[in-house]
Amino acid sequence: MKMYVSLFLAAASMPVGFLAGVFGLQHRIARSFPDAMMLGAVVTGWALIIALVIFLWSVPSTMKRIKAVTNSN
């Protein structure tokens, strides 16, 4: 399940970053378009880092599950 969450978060990081930039412009957090792009890039970067951590956290349990399937055959 953690692997699916990490893949979803990685896939959703770009639209979330775009929305963060738009909301930053709309609510005067970002003063200009380049600032909004930088805000979106930062949000996307953090989302990808969190997705990578969750993915790496799920690898040991996935490897155990694969070994159990291959050993049963």
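For the structure, check the block above.
Per chain, the residues get numbers from 1 upward, laid out in the order the sequence is written. Per-residue local features of the predicted model are confined to residues with pLDDT of at least 70, and side-chain atom pairs are confined, for both listing and counting, to 80 or more; whole-chain, interface and lining totals are unaffected and use all residues. Computation of side-chain values covers all heavy atoms of the structure but excludes hydrogens and water.

**Some points on the packing of aromatic side chains**
- What counts as a ring pair is set by centres within 6.5 Å for rings of Phe, Tyr and Trp (its six-membered ring), and what kind of pair is set by the plane angle: stacked under 30 degrees, edge-to-face over 60, tilted for all other angles. Applying the stated criterion to the full structure yields zero aromatic pairs.
- Looking at K2, its charged tip hangs above the ring of W57, at a distance of 4.3 Å from the centre. Should the NZ of a Lys or the CZ of an Arg lie within 6 Å of a ring centre and within 35 degrees of the ring normal, that charge is described as sitting over the ring.

**So, helix α2 (residues 33-72)**
- The first and last C-alpha atoms of α2 sit 57 Å apart over 40 residues, in line with the 58 Å expected at 1.5 Å per residue.
- Two axes are fitted around each residue, one to the seven residues ending there and one to the seven starting there, and the angle between them is reported as the bend at that residue. Only DSSP runs of H or I reaching four residues or more are called helices, and only runs of E reaching two or more are called strands; each is numbered from the N terminus. Considering bend angle alone, the principal kink of α2 is centred on V59 and spans about 35°; proline P60 follows within four residues of it.
- By definition in these notes, contact holds between two residues if any of their heavy atoms fall within 4.5 Å. Each element contacted by the buried residues of α2 is listed here: α1 (2-26). Working rule for helices: expected span equals 1.5 Å times residues minus one.

**Notes on the side chain of S13**
- You can see S13 is positioned in helix α1.
- Only protein chains enter the accessibility calculation, which uses a 1.4 Å probe; a residue is then buried when its area is under 20% of its type maximum, exposed when over 50%, and partly exposed in between. The exposure class assigned to S13 is buried, which follows from its relative accessible area of 2%.
- At a separation of 2.9 Å, a polar atom in the side chain of S13 contacts the main-chain carbonyl oxygen of A10. In protein, a polar contact requires one atom able to donate a hydrogen and another able to accept it; more generally it is a pair of N or O atoms within 3.5 Å, and residues adjacent in sequence count only if both atoms are side-chain atoms.

**As for unusual backbone geometry**
- Phi at R28 takes a positive value of approximately 60°, unusual for a residue other than glycine.
- Along the chain, the position of R28 falls in the loop between α1 and α2.

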